[in-house]
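Examination of the molecular architecture
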Amino acid sequence: MRELIITGEHPLQGEVTVQGAKNSVLPILAATLLTSSQVELRGCPHLRDVEASVRILEALGCTARWEGENLVVDTAGLNGWTISDILMREMRSSAIFLGAILARCGRAELSYPGGCELGPRPIDLHLSGLRELGAEICEAGGMLHCRAEQLTGREVVLGFPSVGATENLMLAACGAKGTTVIANAAREPEIVDLERFLNACGACVSGAGSSTVTVEGGRPLHGGTYTVMPDRIAAATYLCAAASAGGEIFVRGARESHLSTVTAALREAGCQIRPDAAGIACVCRERLRAVGPVRTAPYPGFPTDAQAILMAALLRSRGTTVFEENIFENRYRHVDELVRMGARIRVSGRVAVVTGVPTLRGASVRCTDLRGGAALCVAALGAGGVTHVTQIGHIDRGYQDLAGDLRALGADVIRTEE
Ligand code: EPZ
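What you see as residue numbers is a count from 1 along each chain, following the sequence as written. Restriction of local features to residues with pLDDT of at least 70 applies here, the model being predicted, together with a cutoff of 80 or more for giving and counting side-chain atom pairs; totals for whole chains, interfaces and linings are based on all residues. The side-chain figures draw on all heavy atoms in the structure; neither hydrogens nor water molecules are used.

Attention now moves to the layout of surface pockets. Put simply, the largest pocket is a space of about 1300 Å³. Lining the largest pocket we find 50 residues, and of these Arg92, Arg121, Val163, Ile327 and Phe328 sit closest to its centre. Secondary structure follows DSSP: runs of H or I at least 4 residues long count as helices, runs of E at least 2 residues long count as strands, and numbering of each begins at the N terminus. Here the element with the most residues in the lining of the largest pocket is helix H1 (residues 22-31); it accounts for four residues. Each residue is assigned to one of three groups, with Ala, Val, Leu, Ile, Met, Phe, Trp, Tyr, Cys and Pro labelled nonpolar, Asp, Glu, Lys and Arg labelled charged, and all others, Gly among them, labelled polar. Within the lining of the largest pocket, the residues separate by chemical class into 22 nonpolar, 10 polar and 18 charged. For the purposes of this description, domain bounds are those given by an automatic or database domain assignment. Two domains each donate at least three residues to the lining of the largest pocket, and these are domain 1 (2-18 + 230-417) and domain 2 (22-227). The way it works is a 1 Å grid over only the protein atoms, where trapped points that fit a 1.4 Å probe form a cavity and open points with protein on both sides within 12 Å along at least five of seven lines form a pocket, and then any residue with an atom within 4 Å of a point lines it. Grid points are joined across faces, edges and corners, and a volume is the space filled by probe spheres set on the points. Quantified by volume, the second largest pocket comes out at close to 190 Å³.

As structure tokens, then:
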């Protein structure tokens, strides 16, 4: 059976280089549809979600090939606008293709993206924004039948700063006539990376990183070469691994400006966090302290994707930490698995109360979702004995080689494939 076998209580020591950001490269892959030639994405992570996106591009008539760490996409052969139900269900964030397909083809047919382990994943904000830009979208039988003879730029106000809706509207706006202003836009660093990619292809996008993104539409986009930003959640994972196991590591490529709420919590817990131009050093010598309430929020608030990972790092801290998950409805599924390792966690609705225990013990645990799976590994590094982590396909969606990266930091992690 495919699993990770982790022997804990070994302090970490070493250096790891952060992979390209999953949540940046996925919208960028959708954005390649706006160009009509070749795009080379440097530092593209080899992930299950990237492979799923490549299958969607290939189903639309595009080509993609790996050249080492670089992915070369060519959309000249685009010959369709339909994404099958099977492909849509492979990856929940495939809705991000809708805006780009509409902008390029004037029509799109795709099935309603399913929910996922984190709960229902509605796309009402995506659809209402696209309708305001002139798309006609009929929802029938689980399918989205979309047409847009001409998208027209205007101001669109998002009811919530949704990352995916912001990205979808940025891509659609590139194909719209005139100017689009996205108000109450998401401010995540991945939005900035998407703006930089689009402008490198000849678009005129500004304001990403603020709550107002402006797109001057109707400009033909060309291909080119782009280097994907480092994955801030992968970086947070390694910092929390060191916090959990103790030791001294260096995370090359990590940018503290992208995860300052996570490093602030780790400093409060007693870790020494030392950023420099090349990355972030993290030294953890003492038993951690519990920290003040951790409330997830849209960027620049505490990232929901790091909630489980920080929780895992604090399981043996002195005191009690309160978590409040405000982004997703069902993002505590990792808790029951952590309790199997001896953690003391009580969940009530959006709140999880973590009371530190002196020791954790290895157990057989099962990944429930991508970041929950990473959290199990972080906890296992601080547990006595051996932990068997199964259902690791969830982890492969977002980490290129979590086992190899943790081994580079001195962890005792074996991945079995049978
Ligand atoms: C992106 O998901 C990320 N995924 C998620 O990372 C991340 O957790 C999330 O942003 C928040 O930062 C990718 O970028 C591929 P949202 P997305 O739209 O775009 C609700 C990971 O582990 N909502 O900001 O789906 C939604 O239900 C993944 O790497 C609506 O109600 O996030 C959720 O409760 C997990 N209607 C909240 O907003 C909509 O139309 C945030 O969603 C859209 C969203």
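There's plenty left to go through after this.
Between 30 and 60 degrees the pair is tilted, below 30 it is stacked and above 60 it is edge-to-face, where a pair is any two Phe, Tyr or Trp rings, Trp via its six-membered ring, whose centres lie within 6.5 Å. In the structure shown here, the tally under the stated rule is one aromatic pair. Arranged with centres 5.7 Å apart and planes meeting at 80°, the rings of Phe197 and Tyr226 form a pair that is edge-to-face. Taken together, the positions of Phe197 in helix H7 (residues 189-200) and Tyr226 in strand E14 (residues 224-227) put the pair 29 residues apart, joining distant regions of the chain. Take Phe197 and Tyr226: they sit in the same class, and that class is buried. Relative accessible area decides the class of each residue, using a 1.4 Å probe on protein chains only: under 20% of the type maximum gives buried, over 50% gives exposed, and in between gives partly exposed.

It is worth spelling out empty space enclosed by the protein at this point. Summed over the entire model, instances satisfying the criterion amount to one cavity of 30 Å³ or more. A volume near 30 Å³ is recorded for the largest cavity. Together, Ala21, Lys22, Asn23, Glu190, Asp231, Ile233 and Arg371 line the largest cavity.

All right, on to helix H12 (residues 370-381) then. An expected span of 1.5 Å times one less than the residue number is assigned to each helix. An ideal rise of 1.5 Å per residue puts 16 Å on 12 residues; H12 measures up with 17 Å between its terminal C-alpha atoms. With respect to burial, H12 is a largely interior element, 12 of its 12 residues being buried. Here H12 has its buried residues at Leu370, Arg371, Gly372, Gly373, Ala374, Ala375, Leu376, Cys377, Val378, Ala379, Ala380 and Leu381. Two to three positions downstream of the cap, the backbone nitrogen of Arg371 sits 3.3 Å from a side-chain oxygen, assigning the N-cap of H12 to Asp369. Any pair of nitrogen or oxygen atoms within 3.5 Å is treated as a polar contact; in protein, a donor-acceptor pairing is required on top of that, and neighbouring residues in sequence qualify only through side-chain atoms on both sides.

This next bit is on the domain arrangement of the protein. Reports of interface size often rely on the accessible area that becomes lost once the parts have come together. Split into domains, the protein comes out as domain 1 (2-18 + 230-417) and domain 2 (22-227). Between the C-alpha centres of domain 1 and domain 2 the distance comes to 30 Å. Counting from both sides, the interface comprises 24 residues of domain 1 and, opposite them, 20 residues of domain 2. The junction of domain 1 with domain 2 conceals about 1900 Å² of combined surface from both sides, 53% of it contributed by carbon and sulfur atoms. Buried area: the accessible area, evaluated with a 1.4 Å probe, that two parts lose upon being put together, summed over both parts. Among the residues of domain 1 in contact with domain 2, Tyr299, Arg397 and Gln400 are the three that bury the most area, contributing 34% of the side total. Definition used for salt bridges: Asp or Glu carboxyl oxygen within 4 Å of a side-chain nitrogen of Lys or Arg. If you look at where domain 1 meets domain 2, you find two salt bridges. With a closest N to O distance of 2.7 Å, Arg232 and Glu190 form a salt bridge. Inspection of the region where domain 1 meets domain 2 yields eight residue pairs in polar contact (both at pLDDT 80 or more). Going through the elements one at a time, H12 and helix H13 (393-396) are the ones with two or more residues in the side of domain 1 that touches domain 2. Contact definition: two residues touch when any of their heavy atoms are within 4.5 Å.

Attention now moves to the pairing of strand E1 (residues 3-7). Counting buried positions along E1 gives four out of five residues, so the element sits mostly inside the fold. Note on pairing: DSSP must find at least two bridges between two strands before they are called paired. The pairing of E1 with strand E24 (residues 412-416) spans five bridges and is classified as antiparallel. Within E24, the position partnered with Ile6 by the bridge is Val413. Pairing of E1 with strand E23 (residues 386-390) involves five bridges; the strand directions are antiparallel. Bridging from a neighbouring strand, Ile6 pairs with Thr387 of E23.

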